[in-house]
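# Survey of secondary and tertiary structure
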Amino acid sequence: MPQLIAGNWKMNCLSAEAIALAEAIAAGASGITAELLVCPTALHVAAVAKALAGTAVAVGGQDCHQATHGAHTGDIAAPMLRDAGAGWVILGHSERRQNHGETDELVREKTVAAVEAGLRPIVCVGETADQRSGGQETEVVGWQLAGSLPKPFDGVIAYEPVWAIGTGKTATEQDVAVMHAFIREELVRQFGDAGQTVRILYGGSVKASNAVSLMAVPDVGGALVGGASLNAEEFLTIARAARAG
């Protein structure tokens, strides 16, 4: 299975900028064996999906509500993302967990809603600096996996050490190898043989300069790229570092 390189654009880009970035990525994607995905703000999903129609680059959302409709001011339902042209959605990102108080139970409910709407979920897990320094990293991630994933689970996991997001710090290759191996064990424990094929992305200050080494780590099924995904050439360089399978 090819590695997945997903760009989380977060709260960035006006409409024209989002379209230009998407078009630049699509224009440079020839010959890249990785699966490519970009996740603009919900406001720009439709425009980016239109710009990328017929290309090898998929489009996703950054979050969705657990309900299909209703009195939820400011929220976006999974069917709305699908209707706008999204095929994927990021769920449980640490910024949602920390800034919006999202619990594992809520992430699980959103994941169910996403799958029912025809979206592929990327469910994020990861520990804070305090949790890692306290030796709790595997305990924290284990509980997040147990609480955030419905059974069966048809999606992708993204391991994102919270202390490495937007900080310029990156987990060492050994850190990543140990945690991804642990996540694989947990997936197999929860889902049996099906847990062997779930892709596990690494996310945490992934850049062109460290992509080759990170993508080569066992059980790394790709990358969830933050700031570097806002530069088309850097994002494409990361994608070129991916393994074909």
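Attention here is on the structure that accompanies the text. (Residues numbered from 1 in each chain as written. Predicted model: local features only at pLDDT ≥ 70, side-chain atom pairs only at ≥ 80, totals over all residues. Heavy atoms only, no water.)

### Things to note about the pairing of strand E1 (residues 4-8)
Looking along a regular strand, one sees side chains alternate from face to face of the sheet. With respect to burial, E1 is a largely interior element, five of its five residues being buried. Taking every second residue as pointing to the same face, both faces of E1 are buried, with Leu-4, Ala-6 and Asn-8 on one and Ile-5 and Gly-7 on the other. Judged from the five bridges that link them, E1 and strand E2 (residues 35-39) form a sheet pairing that is parallel. In the sheet register, Gly-7 faces E2, and the bridge partner there is Val-38. Regarding topology, helix H1 (residues 15-27) serves as the crossover connection from E1 to the parallel E2, and that connection is right-handed. Alignment of E1 against strand E8 (residues 222-225), held across four bridges, turns out to be parallel. (Buried < 20%, exposed > 50% of the residue type's maximum accessible area, 1.4 Å probe, protein only. Helix = DSSP H or I, 4+ residues; strand = E, 2+ residues; numbered from the N terminus. Pairing = 2+ DSSP bridges. Right-handed = clockwise from strand over helix to strand, strands pointing away.)

### A word on the layout of surface pockets
Regions of empty space are outlined by a rolling probe, equal in size to a water molecule, passed over the atoms. In this model, the largest pocket occupies a volume close to 540 Å³. Forming the boundary of the largest pocket are 18 residues, of which Met-11, Gln-62, Asp-63, Arg-96 and His-100 lie nearest the centre. Sort the elements by how many residues they give to the lining of the largest pocket and helix H4 (residues 94-99) lands first, with three residues. Residues of the lining of the largest pocket, tallied by class, amount to six nonpolar, seven polar and five charged. Put simply, the second largest pocket is a space of about 240 Å³. In this structure, the second largest pocket is lined by 21 residues; those nearest its centre are Lys-10, Gly-166, Ser-205, Gly-226 and Gly-227. Partitioning the lining of the second largest pocket into residue classes produces seven nonpolar, eleven polar and three charged. (1 Å grid on protein atoms, 1.4 Å probe; cavity = no way out; pocket = protein on both sides within 12 Å on 5 of 7 lines; lining within 4 Å. Points joined across faces, edges and corners; volume = space filled by probe spheres on them. Nonpolar A, V, L, I, M, F, W, Y, C, P; charged D, E, K, R; others polar.)

### Some remarks on helix H7 (residues 137-148)
Over its twelve residues, H7 runs 16 Å from end to end, which matches the ideal 16 Å to within 8%, given 1.5 Å per residue. Within H7, the full set of buried residues consists of Glu-137, Val-140, Val-141, Gly-142, Gln-144, Leu-145, Gly-147 and Ser-148. Buried positions along H7 lie against H4, helix H5 (104-116), strand E5 (120-125), helix H6 (129-133), strand E6 (156-159) and helix H8 (173-191). (Expected span 1.5 Å × (residues − 1). Contact = heavy atoms within 4.5 Å.)

### Quick notes on H8
Over its 19 residues, H8 extends 26 Å from the first C-alpha to the last, a length consistent with the 27 Å expected when each residue adds 1.5 Å. Inspection of H8 places Val-176, Met-179, His-180, Phe-182, Ile-183, Arg-184, Glu-186, Leu-187, Gln-190 and Phe-191 among the buried residues, and these make up the whole buried set. Its buried side turned inward, H8 meets E5, H6, H7, E6, strand E7 (200-202) and helix H9 (211-215). A positive phi of about 70° marks Gly-192, the residue just after H8.

### Things to note about the packing of H7 against H8
Packed helix pairs are characterised by how far apart their axes lie and by the angle those axes make with each other. Relative to each other, H7 and H8 sit at 35°, their axes nearing to 10 Å. Considering the relative orientation of H7 and H8, their crossing is right-handed. Taken together, the residues of H8 that come into contact with H7 (itself represented by Glu-137, Thr-138, Val-141, Gly-142, Leu-145 and Ala-146) are Met-179, Phe-182, Ile-183, Glu-186 and Gln-190. (Axes fitted to C-alpha atoms, helices over the stretch in contact; angles between N-to-C directions. Left-handed = near helix turned anticlockwise from the far one by under 90°.)

### Overview of the side chain of Asp-63
You can see Asp-63 is positioned in the loop between strand E3 (57-61) and helix H3 (78-84). In this structure Asp-63 comes out as buried when scored by relative accessible area, which is 17%. A distance of 3.2 Å separates polar atoms of two side chains, one belonging to Asp-63 and the other to Arg-96. What Asp-63 contacts, discounting residues up to four positions off in sequence, is Leu-81, Val-89, Ile-90, Leu-91, Arg-96, Glu-102 and Lys-110. (Polar contact = N/O pair within 3.5 Å; in protein donor to acceptor, adjacent residues only side chain to side chain.)

### Description of the nonpolar core
Membership of the largest hydrophobic core comes to 63 residues, with the highest contact counts inside it found for Ile-5, Ile-25, Ile-157 and Ile-183. Here the element with the most residues in this core is H8; it accounts for six residues. The contacts of Ile-5, once residues within four sequence positions are left out, are Ala-34, Glu-35, Leu-36, Leu-37, Met-215, Gly-222, Ala-223, Val-225, Phe-235, Ile-238, Ala-239 and Ala-242. Core analysis: the next-biggest nonpolar cluster, separate from the first, contains twelve residues, Trp-88, Ile-90, Cys-124 and Ala-158 among them. (Core = buried A, V, L, I, M, F, W, Y, C linked by side-chain atoms within 4.5 Å.)

### Quick notes on the state of the cysteines
Following the criterion strictly, the structure yields zero disulfides and no others. Here Cys-64 is not disulfide-linked; the sulfur of Cys-39 is the nearest cysteine sulfur, at 12 Å. What makes Cys-64 buried here is its relative accessible area of 1%. Cys-39 supplies the cysteine sulfur nearest to Cys-124, a cysteine that is in no disulfide, at a spacing of 9.6 Å. (Disulfide = S-S within 2.5 Å.)

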